Amino acid sequence: MPKNSNLKSILIIGSGPIVIGQACEFDYSGTQALRSLREDGIETILINSNPATIMTDPSMADHVYLLPLTTKSLVQILKEHPQIDAVLPTMGGQTALNLCIEADEKGIWEDFGVQIIGVDIDAINITEDREQFRELMLKIGIPMAPQATATSYLKGKEIAQEFGFPLVIRASFTLGGAGASFVYKEEEFDELLTRGLEISPIHEVMIDKALIGWKEYELELLRDANDNVVIICSIENMDPMGIHTGDSITVAPAMTLSDRTYQRMRDMAIHMMRSIGDFAGGCNVQFAVSPDENEDIIAIEINPRVSRSSALASKATGYPIAKIAAKLAIGYHLDELDNQITKSTSALFEPTLDYVIVKIPRWNFDKFEGSDRTLGLQMKSVGEVMGIGRSFQEALHKATQSLEIKRNGLGADGKGYKDYDQIISKLTYASWDRVFVIYDAIQMGIPLSRIHEITKIDMWFLKQYEELYLLEKEISTFKVDTIQKDLLLEAKQKGYGDRQIAHMLNCLESQVYNKREELGVNRVYKLVDTCAAEFKAQTPYYYSTFESDVETTDGKRFAANESEVSDKKKIIVLGSGPNRIGQGIEFDYCCVHGVLAAAECGYETIMINCNPETVSTDFDTADKLYFEPVFWEHIYDIIKHEKPEGVIVQLGGQTALKLAEKLDRYGIKIIGTTYQSLDLAEDRGLFSNLLKENNIPYPEFDIATTADEAAAIADVLDFPILVRPSYVLGGQGMKIVINKQELEEHVVDLLRQMPGNQLLLDHYLDGAIEAEADAICDGENVYIIGIMEHIEPCGIHSGDSNATLPPFNLGEFVLQQIKDHTHKIALALNTVGLINIQFAIKDDIVYIIEANPRASRTVPFISKAYGEPYVNFATKVMLGEKKITDFNFNPQLNGYAIKQPVFSFNKFHNVNKQLGPEMKSTGESILFIESLKDDEFYNLYSRRKMYLSK
């Protein structure tokens with residue numbers, strides 16, 4: 001059946017600001033859904049409060065509403081658009097589903113004659129209410145763990161007495177496992193039960209008998225209105241049950257499952273999906289499998305919506321789940337739709353993988369002082385990376401290289417743990433870095449059987465680790481001159497980086513690289529094609545690997561490379577890697593717009609990124625996508641292969657910027673602002689000289705490399721002093737200290753964490769107002785796209801501040817200084833492209849805190865507030881295609897826009913919630929107010945000093 005012709009106008013609900021448990025995967029799914037519906041000529045209306053997303057771009061939907069996700073906002077939209085026929089709530093995560101349910105309960109959909117598509121309310125209620133779900137599963141013959149529901153403290157105590165420990169407590173209707181916990185001992189039970197009952201919006205918890213050591217799997221499904229079902233992907237959690245799937249290392253396809261059990265699991269998943277309601281769309285089902293010969297299967301949960309896992313499954317297979325799910329929601333059947341990758345097979349064709357993918361979460365515990373760093377049922381990661389390889393080992397290495405935590409991969413970098421007790425502890429209490437610790441344990445000689453006994457990680461995975469370690473041991477007996485080609489090839493096929501091999505051979509990375517060139521051990525690129533090369537793929541989506549040469553009949557030797565290089569002029573955009581605090585979705589927004597602008601200028605666009613949640617890694621965003629670590633060795637090989645005109649680094653946050661020095665050293669052209677200017681802005685001494693030459697004031701400062709130097713500087717500068725390391729993002733390691741003891745403690749701590757780093761000591765301007773400006777410069781002219789005043793005082797990181805556009809409390813004299821300083825600095829730094837400058841204002845004097853000649857966190861916010869595509873303009877300036885004078889700037893904003901930070905402190909108990917110079921927010925929303933008399937502005941302003949921590 002083709003699409004439902006009665007659906008002419010559809011409302012899509014977004015997921016709002018990014019929090020732990022709900023990240024930018026919903027920007028990706030929402031963007032795909034909007035594009036999918038518009039292909040069918042359907043009018044789209046979007047509500048989402050997150051300004052940093054691609055989906056809230058004016059071009060993405062016919063009507064975009066940047067409003068709070070409340071039923072009040074929904075009523076406002078439905079009144080303005082009485083033509084809306086249906087609402088699609090499955091693209092905005094739990095937030096959208098919860099809002100959809102609330103609107104349904106209030107009768108809003110019925111009042112306005114709007115039907116719900118893509119899911120039905122009964123399905124949501126059945127899957128979210130654990131008691132209903134359990135009853136349904138037992139009715140249809142799907143096994144569940146022993147469970148019972150408690151809606152009171154007393155009932156919970158009774159259940160615990162009946163089941164015995166260990167137990168699992170899960171709160172109903174929550175996101176990212178909020179309120180869920182393992183209870184090993186009776187004395188912990190009371191507190192955890194109370195917490196679960198409080199967190200659940202309906203004050204209900206499900207208490208399960210804990211399935212300790214069972215293996216966990218997920219299946220991603222799609223179903224159409226004709227009851228056709230495809231299983232897109234099987235995903236295996238390397239970590240056993242007990243760690244939230246968002247915090248688990250996951251592998252696709254499933255590695256340790258017998259085919260017989262997999263077929264049983266498929267049948268159960270399809271049966272479950274068909275039983276929860278009559279809807280067409282996407283679905284994620286989670287199972288536990290016993291680790292014995294029986295492989296008993298127990299259902300854990302089912303989510304009738306696209307999820308974090310479906311974004312991962314889309315990127316792992318190349319099958320655009322959200323795009324197809326949107327088509328199914330409007331009535332199409334799977335067999336009527338094309339496979340988007342091959343264009344010659346149907347969407348009813350299940351993907352086949354001839355490679356392995358490994359996802360590793362990215363945590364930010366350093367931002368949550370005092371937090372419990374062990375992993376459990378409640379999700380704590382802020383982002384994730386994905387590695388693609390021809391083997392599990394290669395994919396695992398590529399994923400670890402993508403994390404950007406100063407590791408070069410597993411082992412062989414001198415950064416492993418050496419202390420037996422520490423290793424055992426990190427294995428016993430699942431730690432965020434357990435993926436590395438397993439390697440350290442094997443290196444120390446701890447038997448695999450003991451590691452398995454502690455972690456319950458399947459022996460197959462542990463043997464893969466052991467093979468890696470044995471290979472490292474063998475290579476370490478050679479020198480760079482004596483290593484054989486087959487051994488070097490094996491190391492590369494197993495994912496070891498040149499830096500790691502250099503560590504084993506005790507030589508330089510460049511020597512290993514030269515040796516590889518000499519022996520002909522080179523990267524080749526393979527297609528992600530959904531069909532294991534059975535059909536020709538039309539989409540250029542690649543990963544790298546190493547292959548043995550094959551010899552043709554005429555004696556030529558080569559390794560097949562599927563990435564064909566065109567003769568067009570090309571631009572590479574470096575992506576921003578995993579989401580983390582300080583570098584979130586706003587940089588992905590900038591990268592996507594950079595790609596689109598370069599394409600408008602006639603360039604072939606090439607994207608390099610490793611984040612499976614984002615729009616930038618969609619197979620049809622750039623002309624070519626390399627799903628690879630944003631890691632020097634991988635980037636350099638792609639550059640050598642593609643020979644681009646240049647590389648754009650200023651859109652991908654600190655990830656891309658950190659590679660500027662190497663690109664410059666290797667003679668690769670950086671598009672826009674040069675490396676020398678980028679470095680000058682980071683070097684506090686040189687930058688201050690530049691300010692001095694231009695008569696621009698800045699807080700008194702000095703540079704220290706030891707605690708003694710810091711103490712001597714403090715005598716001159718006077719407290720309070722802001723201490724910070726050089727070359728970091730998101731205010732990492734920044735602190736305001738008020739006496740010598742605090743200064744010494746913090747300096748010693750920083751130098752221990754970042755040996756050899758320069759520390760900047762600034763006299764902190766107590767009580768100053770903070771402001772910032774973003775501008776575009778073409779080397780001759782400067783256009784300020786926006787000046788924002790922070791509601792919080794100077795000293796709270798700009799990412800954690802409520803930033804108001806335009807300023808609300810700065811006089812003309814101060815604003816003129818800001819404009820003059822911005823023009824002077826942008827030109828003095830030879831900026832070509834974007835620049836962000838931060839100011840402190842005290843006694844009507846504007847001081848410079850810092851300048852960053854790159855895209856900043858606030859650029860998407862200003863673009864949305866003023867309705868102008870500033871990244872597009874800036875990219876065209878960087879490419880030399882346009883000058884500032886070529887644009888007709890026409891910003892539109894009635895009243896004020898406020899960028900409001902959103903925090904995820906509720907994921908961490910006993911954590912220090914005070915705000916200061918180190919950024920802690922995970923996302924942001926945009927609030928429009930007509931005047932400063934608005935109640936919300938008044939509330940924000942009255943609380944502005946509450947959090948400032950010295």
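Definitions and limits used
Along every chain, residues carry numbers that run from 1 in the direction the sequence is written. Totals for whole chains, interfaces and linings use all residues, but because this is a predicted model, local features are given only for residues with pLDDT of at least 70 and pairs of side-chain atoms are given and counted only at 80 or more. Excluded from the side-chain calculations are hydrogens and water; all other atoms, namely the structure's heavy atoms, are used. Put simply, DSSP marks the helices as runs of H or I at least four residues long and the strands as runs of E at least two long, and each gets a number from the N terminus on. It is over C-alpha atoms that the radius of gyration is taken, and the globule rule equals 2.2 Å times the number of residues to the power 0.38. Any two residues having at least one pair of non-hydrogen atoms within 4.5 Å are treated as being in contact. Exposure was quantified through the Shrake-Rupley algorithm and a 1.4 Å probe, taking into account, for residues, occlusion by the shown protein chains and nothing else. Charge counting follows a simple rule: Lys and Arg are positive, Asp and Glu are negative, and His as well as the terminal groups are ignored. In plain terms, the charge of a residue is placed at NZ if it is Lys, CZ if Arg, CG if Asp and CD if Glu. For patch detection, residues must exceed 30% relative accessible area and be free of salt bridges, and they are connected within 9 Å for like charges or within 5 Å for nonpolar side chains (Val, Leu, Ile, Met, Phe, Trp, Tyr). Salt bridges are defined by distance alone: a side-chain nitrogen of Lys or Arg within 4 Å of a carboxyl oxygen of Asp or Glu. Buried residues are those whose accessible area, probed at 1.4 Å on protein chains only, stays under 20% of the maximum for their type, while exposed residues exceed 50% and partly exposed ones sit between those limits. By arc we mean the arc of the directions from the helix axis to the C-beta atoms, nothing more. In protein, a polar contact means a hydrogen-donor-capable atom and an acceptor-capable atom, both N or O and within 3.5 Å, with residues adjacent in sequence counting only if both atoms are side-chain atoms; elsewhere, any N or O pair within 3.5 Å suffices. Put simply, a nonpolar core is a bunch of buried Ala, Val, Leu, Ile, Met, Phe, Trp, Tyr and Cys residues held in one set by side-chain atoms that sit within 4.5 Å of each other. Pairing of aromatic rings covers Phe, Tyr and the six-membered ring of Trp, with a centre-to-centre limit of 6.5 Å; geometry is then stacked below 30 degrees between planes, edge-to-face above 60, and tilted otherwise. Note on pairing: DSSP must find at least two bridges between two strands before they are called paired. All axes here are fitted lines through C-alpha atoms, helices being fitted over the stretch that makes contact, and every angle between N-to-C directions spans 0 to 180 degrees. The cut-offs work like this: below 35 degrees is roughly parallel, past 145 is roughly antiparallel, 65 to 115 is roughly perpendicular, and the gaps in between are oblique. Crossings are classed by handedness, with left-handed meaning an anticlockwise turn of the near helix from the far one by less than a right angle and right-handed meaning a clockwise turn. As a working rule, the residues Ala, Val, Leu, Ile, Met, Phe, Trp, Tyr, Cys and Pro are called nonpolar, Asp, Glu, Lys and Arg charged, and the rest polar, with Gly in that last group.

Undergrad: Where do I start with the overall build of the protein chain in this structure?
TA: Along the protein chain, the regular secondary structure elements total 31 helices and 35 strands. Taken over the C-alpha trace, the protein chain has a radius of gyration of 28 Å; the compact-globule value for 950 residues is 30 Å, and the two agree within 12%. Taking the principal axes of its C-alpha atoms as reference, the protein chain extends roughly 80 × 75 × 60 Å. Nonlocal contacts in the protein chain, meaning residues at least 24 apart in sequence, comprise 70% of its contacts between residues at least 6 apart. Total accessible area on the protein chain is roughly 34100 Å²; 48% of this is exposed by carbon and sulfur atoms. Within the protein chain, one finds 92 positive and 137 negative side-chain charges whose respective centroids are separated by 2 Å.

Undergrad: Looking at this structure, I do not really get a negative patch on the surface. What am I missing?
TA: On the surface, a cluster of negative charge is made up of D104, E105, E110, D111 and D122. Examined against the element boundaries, E110 turns out to sit in helix α4 (residues 108-112). According to the relative accessible area criterion, E110 is exposed, its value standing at 71%.

Undergrad: Explain helix α13 (residues 420-428) here, please?
TA: What sets the pattern is the α-helix's 3.6 residues per turn: residues three or four places apart point alike. Along α13, the residues classified as buried are I423, I424, K426 and L427. The arc enclosing the buried residues of α13, seen along the axis, measures out at 165°, which places them on a common side. On its buried face, α13 is in contact with α14 (434-444) and α15 (448-455). Where α13 begins, one side-chain oxygen reaches toward the backbone nitrogen of D421, 3.1 Å away; that side chain belongs to D419.

Undergrad: Which parts of the structure should I look at to understand unusual backbone geometry?
TA: For residues that are not glycine, phi is negative in most cases, and the peptide bond is trans in most cases. Residue P253 is bonded to the preceding A252 through a cis peptide linkage, with omega at -10°. For P253, the location among the structural elements is in the loop between β12 (250-252) and α9 (259-275). With omega at -5°, the peptide bond leading from F719 into P720 counts as cis. Relative to the helices and strands, P720 resides in the loop between α26 (707-717) and β26 (721-725). At K406, a residue that is not glycine, the phi angle is positive and equals roughly 65°. Relative to the elements of secondary structure, K406 occurs in the loop between α12 (392-402) and α13. Classification of K406 by relative accessible area gives exposed; the value is 61%. Even without being a glycine, D844 presents a positive backbone phi close to 65°.

Undergrad: It is not clear to me how the nonpolar core should be interpreted in this structure. Could you clarify?
TA: Nonpolar side chains tend toward joint burial in soluble globular proteins. Within the largest apolar cluster, 167 residues are counted, with the highest numbers of intra-cluster contacts made by I10, L88, L574 and V649. With residues near it in sequence (within four places) discarded, I10 still touches L37, I42, E43, T44, I45, A86, L88, I117 and I330. In terms of nonpolar packing, the next biggest core, distinct from the first, is built from 55 residues, I77, L136, M272 and M273 among them.

Undergrad: Sorry, what's going on with the packing of aromatic side chains here?
TA: A ring pair, where both rings are aromatic, is described by two values, the distance of the centres and the angle of the planes. Per the counting criterion, the structure on display carries 25 aromatic pairs. Plain terms: the ring middles of W460 and F461 are 5.3 Å apart, the flat faces sit at 80° to each other, and that makes the pair edge-to-face. Residue classification places W460 among the partly exposed residues on the basis of a relative accessible area of 31%. For F461, a relative accessible area of 1% translates into the label buried.

Undergrad: Mind showing me how you'd approach the sheet that holds strand β23 (residues 624-627) here?
TA: Hydrogen bonding along the main chain pairs the strands of a sheet, whether they run parallel or antiparallel. Taken together, the six strands give an open sheet; going across it, the order is β17-β18-β23-β22-β21-β24, and neighbouring strands pair in mixed fashion. One side of each edge strand has no neighbouring strand; the edge strands of this open sheet are β17 (524-527) and β24 (646-648). With strand direction ignored, the average angle separating the axes of adjacent strands in the sheet is 30°. Strand direction decides the pairing type here: strand β21 (residues 570-574) and strand β22 (residues 604-609), joined by five bridges, are parallel. Looking at β22, one finds that I572 is bridged to I606.

Undergrad: How do you make sense of the pattern of salt bridges when you look at a structure like this?
TA: Between side chains of opposite charge, pairing is possible as soon as their charged atoms come close. For the structure shown, the criterion picks out 46 salt bridges. Across the pair E509 and K662 runs a salt bridge, and its minimum N-O distance is 3.9 Å. With E509 in helix α19 (residues 509-519) and K662 in helix α23 (residues 660-665), this residue pair connects regions lying 153 residues apart in the sequence. Accessibility classification places E509 together with K662 in one group, the buried group. K883 is the salt-bridge partner of E780, the closest N and O atoms lying 3.5 Å from each other. Note that E780 is positioned in the loop between β29 (769-778) and β30 (782-793) and K883 in the loop between α30 (870-878) and β34 (896-902), a separation of 103 residues in sequence. Shared partners join several salt bridges into a network, and the residues in it are K492, D498, R516, R523, E633 and D637.

Undergrad: How should I be thinking about the side chain of D239 in this particular structure?
TA: Its place among the elements puts D239 in the loop between β11 (229-237) and β12. In this structure D239 comes out as buried when scored by relative accessible area, which is 5%. Within the structure, D239 has its side chain in polar contact with the backbone nitrogen of I249 (distance 2.8 Å). Polar side-chain contacts of D239 include one of 2.9 Å to the side chain of R434. Apart from residues lying up to four places away in sequence, D239 is in contact with D247, S248, I249, R434 and I457.

Undergrad: Before we go on, may I ask you to explain helix α17 (residues 485-493) in this structure?
TA: Within α17, burial applies to L487, L488, L489, A491 and K492. Downstream of α17 by a residue or two, G495 has a phi angle that is positive, lying close to 90°.

Undergrad: Help me out: how do you make sense of the sheet that holds β30 in this one?
TA: An order of β33-β32-β29-β30-β31-β34-β35 is seen for the seven strands of this open sheet, with the pairing classed as antiparallel. Unpaired on one side and paired on the other, β33 (845-852) and β35 (923-929) mark the two borders of the sheet. On average, each strand axis in the sheet is inclined to that of its neighbour by 25°, with strand direction left out of account. Both β29 and β30 contribute to a ladder of eight bridges, which runs antiparallel. In the strand pairing of β30, I776 is matched with Y783.

Undergrad: Looking at this structure, how should I read the side chain of E220?
TA: Along the chain, the position of E220 falls in strand β10 (residues 215-223). Although E220 is buried, it forms no salt bridge, and the closest oppositely charged side chain is R305 at an N-O distance of 9.0 Å. Ignoring sequence-local partners within four residues, the contact set of E220 consists of V230, I231, I232, C233, C283, N284, S307, S309, S310, A313 and I321.

Undergrad: Honestly, the pairing of β35 in this entry has me stumped. Any pointers?
TA: It is a general feature of regular strands that their side chains alternate between the two faces of the sheet. Across the seven residues that make up β35, a large majority, six, are buried. Inspection of the sheet shows β34 paired to β35 by seven bridges, in the antiparallel sense. In the strand pairing of β35, I898 is matched with L927.

Undergrad: I tried to follow the packing of α19 against helix α21 (residues 632-642) on my own but got confused; where do I start?
TA: Working note: a packed helix pair is described by the angle between its axes plus the distance between those axes. Packing of α19 against α21 brings their axes to within 13 Å, and their N-to-C directions diverge by 40°. Relative to α21, α19 is oriented oblique. α21 is crossed by α19, and the crossing has right-handed handedness. Taking contact as the criterion, the partners of E509, Y513, R516 and E517 in α19 are, on α21, W632, E633, Y636, D637 and K640. Class assignment for the residues of the contact of α19 with α21 results in three nonpolar, no polar and six charged.

Undergrad: Could you clarify how one ought to interpret the packing of α14 against helix α16 (residues 459-475) in this entry?
TA: α16 packs onto α14 with a crossing angle of 60° between their chain directions and a minimal axis gap of 10 Å. One element, α14, and the other, α16, form an angle in the oblique class. As for how α14 packs across α16, the hand of that crossing is right-handed. In this structure, α14 contributes V435, I438, Y439, I442 and Q443 to the contact, and α16 contributes L462, Y465, E466, L468, Y469 and E472. Residues that form the contact of α14 with α16 fall into these classes: eight nonpolar, one polar and two charged.

Everything listed is a geometric property; what it means functionally is a separate question.
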